[in-house]
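Secondary and tertiary structure notes
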Amino acid sequence: MAIITNAPRGTQDVLPSQSYKWQYIEQTALDIARLHGFREIRFPVFEHTELFNRSVGDTTDVVQKEMYTFEDKGGRSITLRPEGTAGAMRAILQNGLLNDALPLKASYLISCFRYEKPQAGRLREFHQFGVEMAGAGSYAADAQVIALAKAIFDALGIEGLALELNSIGCPTCRAEYHKALREYFAAHRDQLCDTCKGRLEKNPMRILDCKNPACAEIAKGAPVVLDYICDDCRAHFEGLKSNLDAMGIAYTVNPTIVRGLDYYTRTVFEFVTTGIGAQGTVCGGGRYDGLIELLGGQPTPSVGFAMGLERLLLVMEQQGCGFAPEQKCTMYIGSIGAAAQQKAAGLTAALREEGFYVECDAVGRSVKAQMKYADKLGAKFSCILGDNEIEAGKVRVKRMDKGEITEVALDREALVQYIYHNTIDEIVEYDQETK
RNA sequence: GUGGGUAUAGCGUAGUUGGUUAACGCGUCAGUUUGUGGCACUGAAGACCGUGGGUUCGAAUCCCACUAUCCACCCCA
């Protein structure tokens, strides 16, 4: 079969047999966030390019080489969102949401686009769940946001994610630190890799993150941010740590976490795993106290995180986590002949109104083939309607797992009663299991 | 952007000293006597062997290029 074209590079289809996993993850994240007071916000897939240049930072890799940017027919420069925070914050500002009681708490479930080389856990179109908490500058807000991420992982049954924490200070003390770093690395300039030589001027903190063995070795002796942050930033960081301790959330301080987006200040954190390949960051976030002001609003401190849904799914599959199982067909109503087909269609519609998942023949198959199909659907019950049944007003309903056949009156209420009585045991069992 | 692996029906695979109709499993569809699934059996559909060049009498098989995909670097979720 000749297909016109394949899906674009780095994109992925989610097939009907897999979509329930996505629905489960999405619903769980949304629900848990709701318990923490975060309500969903939706905003455009594309924004003015300027928004990302300004907020994400025009020296970052994301902006410099990974954005899907194009000119629309009105001559505007438009960019497919490479992340969620910029758009969410823009929407929050534009709609005046910060005029209500603060903090403003919002969650989002979005697709993002980055022109990168695809790899395990890295796609060109990928999906994120994230939250923003604006108007709360306290370390307590950081702790709550981190606790929410943790709660979502727990609810999904994910284990063993390591929380790594760092503070990169505020713009004032970070300038001090940059200076110290430049001095240190300048002394080792010859041993640095080429990219790091470039980073020396633009963003020396990135050198700390370099995987090149030579750079990593030099970085070991480099000044540590935490030694340079100002008293306020230090107090914030210490407060966060003790708050996490109080909540029983384990973490390690990792001074090399830097984050690739410019808007971060003070707290930065990641939840990482080693089980799904090289792209082990499942969730990343931090504080961005200057972002709203940068976008033209009043100075408003904010925190948030984003988690990669594809990576979350990889971790869950790797760990054998359960997903809410797909709903199986409750009843298959087969038929022989046109009159019976009509009757079956009517009954099917009626039982669907009752909230049952019911199927009937749409192909015109033989009785035997219809039964096979019912079996493939995993139908709990089946029956076959023909002239005899219509005349007698009764139908033989088969319970597929046991093969038992019961004669039931051919009407909506009788069938509902039958289904109810034959599934009540399972409902009770299920309730007991979930208690 | 830089490396390395891979590319044969929907899925998973076989197919080397290059030689006629490209094989197998799963899946799909139909049937195995009259209106009842799972097992078994029979049969059918389904492949321009990634694309384009080249070598050769002859290429799924050898060579080159391209593309896609996977993994890693990089970057990040």
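Residues numbered from 1 in each chain as written. Chains lettered and ligands numbered in written order. Predicted model: local features only at pLDDT ≥ 70, side-chain atom pairs only at ≥ 80, totals over all residues. Heavy atoms only, no water.

1. Examining the confidence of the model for chain A
- Per-residue pLDDT for chain A averages 91, and the proportion of residues at 70 or more is 96%.
- Summarising per-element confidence for chain A, the mean pLDDT is lowest in helix α7 (residues 194–202) (73) and highest in strand β1 (residues 39–40) (98). (pLDDT = per-residue confidence, 0-100. Helix = DSSP H or I, 4+ residues; strand = E, 2+ residues; numbered from the N terminus.)

2. Details of the sheet that holds strand β4 (residues 77–80)
- The 3 strands are arranged β2-β4-β3 in an open sheet whose pairing can be described as antiparallel. Among the strands making up the open sheet, the edge pair consists of β2 (46–48) and β3 (68–71). Along the sheet, successive strands turn relative to each other by an average axial angle of 30 degrees, direction set aside.
- Of the pairings in the sheet, the one linking β3 to β4 comprises 4 bridges and is antiparallel in character. Bridging across to β4, Thr69 finds its partner in Thr79. (Pairing = 2+ DSSP bridges. Axes fitted to C-alpha atoms, helices over the stretch in contact; angles between N-to-C directions.)

3. Digging into the nonpolar core
- Phe129, Phe153, Phe185 and Phe305 are the most contacted members of the largest nonpolar core, which totals 98 residues.
- Excluding anything up to four places from it in sequence, Phe305 contacts Tyr108, Phe129, Gly130, Val131, Val145, Leu148, Ala149, Ile152, Phe269, Cys283, Gly284 and Gly285.
- Formed by 19 residues, the second largest nonpolar core is a distinct cluster that contains Met331, Leu347, Cys383 and Val416. (Core = buried A, V, L, I, M, F, W, Y, C linked by side-chain atoms within 4.5 Å. Buried < 20%, exposed > 50% of the residue type's maximum accessible area, 1.4 Å probe, protein only. Contact = heavy atoms within 4.5 Å.)

4. Looking at the packing of helix α2 (residues 49–57) against helix α4 (residues 85–94)
- Contact geometry for α2 and α4: axes closest at 9 Å, N-to-C directions at 110 degrees. In this view, α2 runs roughly perpendicular relative to α4, as classed from their interaxial angle. Of the residues in α4, those in contact with Leu51, Phe52 and Ser55 of α2 are Ala86, Gly87 and Arg90.
- Residues belonging to the contact of α2 with α4 are distributed by class as follows: 3 nonpolar, 2 polar and 1 charged. (Parallel < 35°, antiparallel > 145°, perpendicular 65-115°, else oblique. Nonpolar A, V, L, I, M, F, W, Y, C, P; charged D, E, K, R; others polar.)

5. Overview of helix α12 (residues 338–353)
- Compared with an ideal rise of 1.5 Å per residue, which puts 16 residues at 22 Å, α12 spans 23 Å between its outermost C-alpha atoms and is within 8% of the ideal.
- Of all the residues in α12, the buried ones are Ala340, Ala344, Leu347, Thr348, Ala350 and Leu351. In a view along the axis of α12, the buried residues occupy a sector of 165 degrees, so they form one face of it. Facing away from the buried side of α12 by more than 90 degrees, the exposed set consists of Ala338, Gln342 and Glu353.
- Once α12 ends, the next one or two residues include Gly355, with phi positive near 95 degrees. (Expected span 1.5 Å × (residues − 1). Arc of directions from axis to C-beta.)

6. A few points about the environment of Val268
- Inspection of the secondary structure assignment puts Val268 in strand β9 (residues 265–272).
- Each C-alpha atom, one on Val268 and one on Lys241, is 12 Å from the other, the two residues being 27 residues apart in sequence.

7. Structural notes on the packing of aromatic side chains
- For the structure shown, the criterion picks out 13 aromatic pairs.
- With a centroid separation of 5.2 Å and an interplanar angle of 75 degrees, the aromatic rings of Tyr263 and Tyr288 are classed as edge-to-face. Taken together, the residues span a long stretch of sequence, with Tyr263 in the loop between β8 (252–253) and β9 and Tyr288 in the loop between β10 (281–287) and α10 (291–294) at a distance of 25 residues.
- On the basis of relative accessibility, which here comes to 5%, the residue Tyr263 falls in the buried class.
- Between Tyr332 and Tyr373, the aromatic rings sit 6.0 Å apart at their centres with planes inclined by 80 degrees, giving edge-to-face as the arrangement. Within this pair, whereas Tyr332 is found in strand β12 (residues 331–335), its partner Tyr373 is found in helix α13 (residues 367–377), the two being separated by 41 residues in sequence. (Phe/Tyr/Trp six-rings, centres within 6.5 Å; stacked < 30°, edge-to-face > 60°.)

8. Some details on helix α1 (residues 19–35)
- A rise of 1.5 Å per residue sets the reference length of α1, with its 17 residues, at 24 Å; its end C-alpha atoms lie 24 Å apart and thus fit the reference within 8%.
- Every buried residue belonging to α1 is among Lys21, Trp22, Ile25, Thr28, Ala29, Leu30, Ile32 and Ala33, and all of these are buried.
- The inward-facing, buried residues of α1 abut β1, β5 (104–113), β6 (125–134), α5 (139–156) and α11 (309–319).

9. Observations regarding the environment of Tyr184
- Mapped onto the elements of the fold, Tyr184 is located in helix α6 (residues 171–186).
- Tyr184 sits 20 residues away from Pro204 along the chain, and the two C-alpha atoms are 10.0 Å apart.

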